[in-house]
Amino acid sequence: MYIFPKDLYTDIRIEKVSLTNISLENFELKQNKTRTDQGAMIRIFDGKRWYYSATTDLDNLQMEINRLARLAVPNPDINQHAIVQRLEINKERCLKYTDNNIADIENRLKLDVLNSYIPIVKQFPQIKMSRMYYLDKHTVKHIISSLGTDVTYDSQNCCLAVRYMLQENNTPYQGSEDIYALTFAELSGQEDKILKSLQKDLTYCQQAVPVIPGTYTCVFSPQTTGVFAHESFGHKSEADFMVGDEIMKREWAIGKRVGAEMLNIIDTGSIEGAGYVPFDDEGCRAKTNYLIKDGVLTGRLHSSVTAALLEEAPTGNARALNFEYEPLVRMTTTYIDKGFQTKEELFAGIKEGIYIDNLNHGSGMTTFTIAPRRAYMIRDGKLAEPVRISVITGNVMNTLYEIDGISDQVELFSFALGGCGKMEQYPLPVAFGGPYIRVKGIQVL
């Protein structure tokens, strides 16, 4: 199809993205946009530097390849370079959504399904402001390289998101609920999910009392577990943070114990959802990457560049926001693996603690913080009164050792709105999750 320059490494990532974005504010239509974007990222490597070009002129890619090649210095040994040797040669077509492409659904049906949830929200006079969103995205990627890689795959998602401001007992409360799906049909008939979330939030607003600050044993819900794994440990596992940092390399040496023996943290692009990346943006196949195995650091996330610099293997984690950007080391679906206890057994061992049901946001590298949205006291192994908490916090490395209970089922979540940010590339779709976990020594404020 293309003539690749001699004595240079070249790859091309061609993308076609179809998306819809509909929004209502206080039940009035504010936006209804559908568009399709197409473009390509061309990369050339001569062994010393990379040369990039992003273009929407797909009819003249060969001309752009030739122009970029003239900037590089031919290298007869390019295929023996450590970076190039870590790039895989894959040939595959993986088109899962040809028969139920979300882009083929009429716009009026998308607006109708969003409007169908309005009556649920209108049941609550305590809601002073609401925003409702319908979003979908279908992406087809074609990645080819001078080594012989030729992979094509598609991914898609659609979602409904409800955001609202409750006013109860003179206290404002920001709530939300999402319906995330892979096909359009799955968005209908989930009124009970929205209704139960609204009812739960209203009861929380009516009954929540300020928490008494202190150090508690906490149980994290699967959603909280996932955000903790992503923010507190996942970013540390992105290998570009270690390049050139000898102290961090020593602290994060493979084989070092970093947490409780029951702890396993995994990242993989093979699971359908927001983190689905069967091939990364360099054409490397998704792997099941154990970052922590039985409490021991066993891996990290790589692109071909970081894998070469740290003399390790690529992991399928070179990802770009879209064709306008070069790949960076990014997470896909990151989660804590299941344990052997039931949820009830985790709670039963707590005389006085706190259950973190869901959250507004989280962050962390050395120290993590999570801002809970809903939280409840645990008394004698049972859920008790709801409590208002500003943040919970702790040292990441200490906390990994303080996990002393993990439930036996994993739940995974995908962002309906937003995503993961790194450098200027935001929001990148990712998924996260885990089981319920019990953690000692959490500072609660």
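Note that the structure is predicted; figures quoted are calculated from it, not measured.

Asker: I'd like to hear about the overall build of the protein chain, residue by residue, with values.
Answerer: In terms of regular secondary structure, the protein chain is built from 10 helices and 25 strands. Computed over the C-alpha atoms, the radius of gyration of the protein chain is 24 Å, within 12% of the 22 Å expected from 2.2 N^0.38 for a compact globule of 445 residues. For the protein chain, the spread of C-alpha atoms along the principal axes amounts to about 70 × 55 × 30 Å. Counting over 445 residues, the protein chain shows a buried share of 55%. Put simply, the protein chain shows about 19,400 Å² of open surface, and 49% of that area lies on carbon and sulfur atoms. Of the side chains in the protein chain, 48 bear a positive and 56 a negative charge, and the two mean positions are spaced by 2 Å.

Asker: Could you give an account of the sheet that holds strand β11 (residues 288–293), with specific residues and numbers?
Answerer: Strand order in this open sheet of 6 strands is β12-β11-β10-β15-β24-β21, and the pairing throughout is mixed. Since the sheet does not close on itself, it has two edges, and those belong to β12 (296–297) and β21 (411–414), each with one partner. Where β21 meets strand β24 (residues 431–434), 4 bridges bridge the pair, whose relative direction is antiparallel. Note on β24: the bridge partner recorded for F413 is F432. Lying on the sheet, helix α6 (residues 222–234) is in contact with β10 (265–268), β11, β12, β15 (333–336), β21 and β24; it crosses β24 at an angle near 120°.

Asker: Provide a residue-level description of unusual backbone geometry, including the pertinent values.
Answerer: Cis peptide bonds are those with omega within 30 degrees of zero, and the linkage from Y426 to P427 qualifies with 0°. Checked against the element boundaries, P427 lands in strand β23 (residues 425–428). Phi is positive for F27, which is not a glycine, with a value near 75°. Of note, F27 is situated in the loop between β1 (9–25) and β2 (28–45). Here the phi dihedral of D294 falls at roughly 55°; this positive angle occurs in a residue that is not glycine. Within the secondary structure, D294 sits in the loop between β11 and β12.

Asker: Run through the packing of aromatic side chains, naming residues and quoting values.
Answerer: Counted according to the given criterion, the structure contains 14 aromatic pairs. Taking the centre distance of 5.0 Å and the plane angle of 80° together, the rings of F228 and F368 count as edge-to-face. A residue pair is termed long-range when its members are at least 10 positions apart, and F228 in helix α6 and F368 in strand β17 (residues 367–379) qualify at 140 residues. Considered together, F228 and F368 belong to a single accessibility category, that of buried residues. Here the guanidinium or amino end of K122 rests over the ring plane of F27, the centre of that ring lying 5.2 Å away.

Asker: Let's hear about the pairing of strand β5 (residues 127–145): which residues, and what values?
Answerer: Counting buried positions over the 19 residues of β5 gives 14, a clear majority of the element. One ladder, built from 15 bridges, connects β1 with β5; its direction is antiparallel. Bridged to V17 within β5 is T139. Across 17 bridges, β5 lies against strand β6 (residues 150–168) in antiparallel orientation. For L135, the partnering residue across the bridge sits in β6 and is C159. The turn linking β5 back onto β6 is made up of 4 residues, and G148 within it adopts a positive phi angle of 120°.

Asker: Lay out the side chain of Q126 in plain terms, naming residues and giving numbers.
Answerer: By the secondary structure assignment, Q126 is in the loop between α4 (118–122) and β5. Setting aside chain neighbours within four positions, we find Q126 in contact with M165, L166, Q167, E168 and L202.

Asker: Kindly report on the pairing of β24, identifying the contributing residues and their values.
Answerer: Neither face of β24 is left uncovered, since the one carrying A431 and G433 and the one carrying F432 and G434 both have all their residues buried. Where β15 lies against β24, 3 bridges are found, and the strand directions are parallel. Paired with Y335 across the strands is G433, a residue of β24.

Asker: Just give me the short version of the side chain of E15, but keep the residues and values in it.
Answerer: Within the fold, E15 resides in strand β1. On the basis of relative accessible area, E15 is assigned to the buried category, the value being 3%. Within the local environment of E15, its side chain forms a polar contact with the side chain of R13, the two groups lying 2.8 Å apart.

The rules behind each value
One numbering rule holds for all chains: residues counted from 1, following each sequence as written. Whole-chain, interface and lining totals are the exception, using all residues; otherwise, since this is a predicted model, local features are given only for residues with pLDDT of at least 70 and side-chain atom pairs are given and counted only at 80 or more. Note: side-chain values were computed over all heavy atoms of the structure, leaving out hydrogens and water. Labels follow the DSSP assignment, with helices taken as runs of H or I lasting at least four residues and strands as runs of E lasting at least two, numbered in each case from the N terminus. Atoms counted for the radius of gyration: C-alpha only. Globule rule: 2.2 Å times the number of residues to the power 0.38. For each residue, the accessible area found with a 1.4 Å probe, counting protein chains only, is set against the maximum for its type, and the residue is called buried under 20%, exposed over 50%, and partly exposed in between. Where accessible areas are quoted, they stem from the Shrake-Rupley method and a 1.4 Å probe; at the residue level, only the protein chains shown are allowed to cover. When charges are counted, Lys and Arg are positive and Asp and Glu negative, with His and the chain ends excluded. To locate a charge, the coordinates of NZ of Lys, CZ of Arg, CG of Asp or CD of Glu are taken. When DSSP locates at least two bridges between a pair of strands, those strands are taken to pair. What makes two residues a contact is simply this: any of their non-hydrogen atoms within 4.5 Å. In this description, a line fitted to the C-alpha atoms serves as the axis of each element, helices being fitted only across the stretch in contact, and the angle between N-to-C directions of two axes falls anywhere from 0 to 180 degrees. Two rings from Phe, Tyr or Trp (for Trp, the six-membered ring) form a pair when their centres are within 6.5 Å of each other. A pair whose planes differ by under 30 degrees is stacked, one over 60 is edge-to-face, and the rest are tilted. In this analysis the charged atom, NZ for Lys or CZ for Arg, is taken to sit over a ring once it is within 6 Å of the ring centre and within 35 degrees of the ring normal. Side-chain atoms alone can form a polar contact between residues adjacent in sequence; in general such a contact is a pair of N or O atoms within 3.5 Å, and within protein one must be able to donate a hydrogen while the other accepts it.

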